[in-house]
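# Chains, contacts and geometry: an overview
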Amino acid sequence: MFRPQIQKTRVLFLIALFNLSMVYFAANSYMKVKQIGYDDKIKAVDNMNACLQNIRNHPSYIDNPEDIFNTGLLGVKTSLITTKEDVDLTKKQSKVACTNPNFSAAIIEMFYESGIQEGDYIAVSMTGSFPGANIALLSACKAMNVKPVIISSAGSSAWGANRLDFSWPIIESYLYKNQMIDYRSSAYSIGGANDLGDNLSYKGVEILSNTIFDVLDKNTEFVNESTLNKNIERKMQIYKTFSEINDYSLYVNIGGGSASLGYGEQKDTMNVGLISPLDIEFNQSEQFKNSIAYEFLIEGIPMLNIKNINKLGSQYELYPPNKNLKVKEGVIFIKYAQYNLFVIIVGLVCSISLILFI
């Protein structure tokens, strides 16, 4: 008796096998999804790469095997301008992690989260402790055409920009003169205890003071008042000369400057990343109330706290530092979503076509 092809067992088996294969491929398919700010992230990484390449031409560049990204930004364990020692040798990896060019892409992502846009003013407080993070921020600002008003402190904790011939004022000045960055610090302080180098030797303070004056131009101020409170007051006045406080879109802190986050160790327990003004109620310590960050937060300006890199960097695959993670790759740039719609449609069309053909 004649049976159509569709009724034959072996044909039905082949159709079922083919359809199962299509289901398998569809179920295991994925698609690449560009993350928020992808194009700006690529620009920021390119900017930071250019800065690092330029630094390699500096006379004080040192090829250090522990500096796994070959940036020349990894400092030493201690020096006359070291504001905080590394008692348990745990800080070195944090300093290295910030030198990964992908760190600038992480800052772009935090910029997008904060809602800042091209042309916005941001207030920035830098220290010499994380030169890689400083350059990453400046590279991100250049990529998005964000205008930072920067006040830096020259001292550095262990493994940061704490080499006498390669402190942060020297690095920043070098990059600015070579047109690698669009903005430089409008003011400098010593840093360290009370923002006046009270935990440094007289020689250390003298070295930093001389370095600051060596790189100062007529538009840069040396903030060196008699007390921490007066330093904070003066720095706030400088920020206000560029823009009203309420006109700033973001306050960025890099490191643990006493003027920026307050005196004492409480700043080590603060949240990292983007901090909303609504979060201020959870940090009511007297030390924090006496800080620039507090002044901005109470005015409703969000804060980006770039500190505790082991916690912050792990969110972006940047900590612990991994030299095998390629530049412009990772979860900051691309994520993989399950199920590729194109594969599913192709599989469906193939299955239906086969059945209709038979």
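Our subject is the structure that appears above.
Residues numbered from 1 in each chain as written. Predicted model: local features only at pLDDT ≥ 70, side-chain atom pairs only at ≥ 80, totals over all residues. Heavy atoms only, no water.

Turning our attention to the layout of surface pockets. The calculated volume of the largest pocket comes to roughly 690 Å³. Along its surface, the largest pocket is lined by 31 residues, and Lys84, Lys91, Ser157, Asp268 and Lys307 are the ones closest to its centre. Secondary structure elements with two or more residues in the lining of the largest pocket: strand S2 (82–84), helix H3 (92–97), strand S5 (156–157) and helix H12 (309–314). Residue classes in the lining of the largest pocket are distributed as five nonpolar, 19 polar and seven charged. Looking at the second largest pocket, its volume works out to about 240 Å³. Lining the second largest pocket are 15 residues, with Tyr183, Arg184, Ser185, Ser186 and Phe242 positioned closest to its centre. (1 Å grid on protein atoms, 1.4 Å probe; cavity = no way out; pocket = protein on both sides within 12 Å on 5 of 7 lines; lining within 4 Å. Points joined across faces, edges and corners; volume = space filled by probe spheres on them. Helix = DSSP H or I, 4+ residues; strand = E, 2+ residues; numbered from the N terminus. Nonpolar A, V, L, I, M, F, W, Y, C, P; charged D, E, K, R; others polar.)

Once that is clear, we can look at empty space enclosed by the protein. Per the counting criterion, the structure on display carries three cavities of 30 Å³ or more. Approximately 50 Å³ is the volume found for the largest cavity. Along the walls of the largest cavity sit Ser125, Met126, Thr127, Ile151, Ser152, Ser153, Asp195, Lys235, Gly257, Ser258, Ala259 and Ser260, which together make up its complete lining. When its residues are assigned to classes, the lining of the largest cavity shows three nonpolar, seven polar and two charged.

With that out of the way, let us pick up the environment of glycine 262. Take glycine 262: it is sitting in the loop between helix H9 (258–261) and strand S9 (273–275). Judged by relative accessible area, glycine 262 falls into the buried class, the value being 0%. With 26 residues separating them along the chain, glycine 262 and phenylalanine 288 place their C-alpha atoms 4.8 Å apart. The residues touching glycine 262, leaving out its near neighbours within four places in the chain, are Gly257, Lys267, Gln287, Asn290 and Ser291. (Buried < 20%, exposed > 50% of the residue type's maximum accessible area, 1.4 Å probe, protein only. Contact = heavy atoms within 4.5 Å.)

So, on to helix H2 (residues 38–55). Given a rise of 1.5 Å per residue, 18 residues ought to cover 26 Å, and the 26 Å separating the end C-alpha atoms of H2 matches this to within 8%. Taken as a whole, H2 has its buried residues at Asp40, Lys41, Ile42, Ala44, Val45, Asn47, Met48, Cys51, Leu52, Asn54 and Ile55. Residues of H2 that are buried sit in contact with helix H4 (102–114), helix H5 (131–144) and helix H6 (168–177). (Expected span 1.5 Å × (residues − 1).)

A few words now on the pattern of salt bridges. This structure, assessed with the given rule, holds 10 salt bridges. The salt bridge involving lysine 235 is made with aspartate 195; its shortest N-O contact spans 2.9 Å. Taken as a pair, lysine 235 in helix H8 (residues 228–242) and aspartate 195 in the loop between strand S6 (187–189) and helix H7 (202–215) lie far apart in primary sequence, 40 residues in all. Pair check on accessibility: lysine 235 and aspartate 195 agree, each one buried. (Salt bridge = Lys/Arg side-chain N within 4 Å of Asp/Glu carboxyl O.)

Attention now goes to the packing of H5 against H6. Orientation of H5 relative to H6, taken along the N-to-C sense of each, is 30 degrees, at an axis distance of 11 Å. Taken together, the axes of H5 and H6 are roughly parallel relative to one another. Classified by chirality, the crossing of H6 by H5 is right-handed. On the side of H5, the interface is formed by Pro131, Asn134, Ile135 and Leu138, while H6 contributes Trp168, Ile171 and Leu175. Here the contact of H5 with H6 is composed, by residue class, of six nonpolar, one polar and no charged. (Axes fitted to C-alpha atoms, helices over the stretch in contact; angles between N-to-C directions. Parallel < 35°, antiparallel > 145°, perpendicular 65-115°, else oblique. Left-handed = near helix turned anticlockwise from the far one by under 90°.)

Attention shifts here to the pairing of strand S3 (residues 121–126). Side chains on a regular strand alternate between the two faces of the sheet. Burial runs high along S3: five of the six residues are buried. With six bridges joining them, S3 and strand S4 (residues 147–153) adopt parallel strand pairing. By the bridge assignment for S4, tyrosine 121 is matched with lysine 147. Crossover S3 to S4 through H5 is right-handed. (Pairing = 2+ DSSP bridges. Right-handed = clockwise from strand over helix to strand, strands pointing away.)

On to the sheet that holds S4, then. One open sheet accounts for seven strands, arranged S7-S6-S4-S3-S8-S10-S9; its pairing is mixed. Where the open sheet ends on each side, the last strands, each with one partner, are strand S7 (221–222) and S9. Of the strands in this sheet, S3, S4, S6, S7 and strand S8 (248–254) are in contact with H8, which crosses S4 at around 160 degrees.

Turning our eyes to something else, we now look at the side chain of asparagine 231. Relative to the helices and strands, asparagine 231 is located in helix H8. What makes asparagine 231 buried here is its relative accessible area of 0%. Apart from residues no more than four positions distant in its own chain, asparagine 231 is found in contact with Ser189, Asp195, Leu196, Val223, Asn224 and Glu225.

The analysis is restricted to geometry; functional conclusions fall outside its scope.
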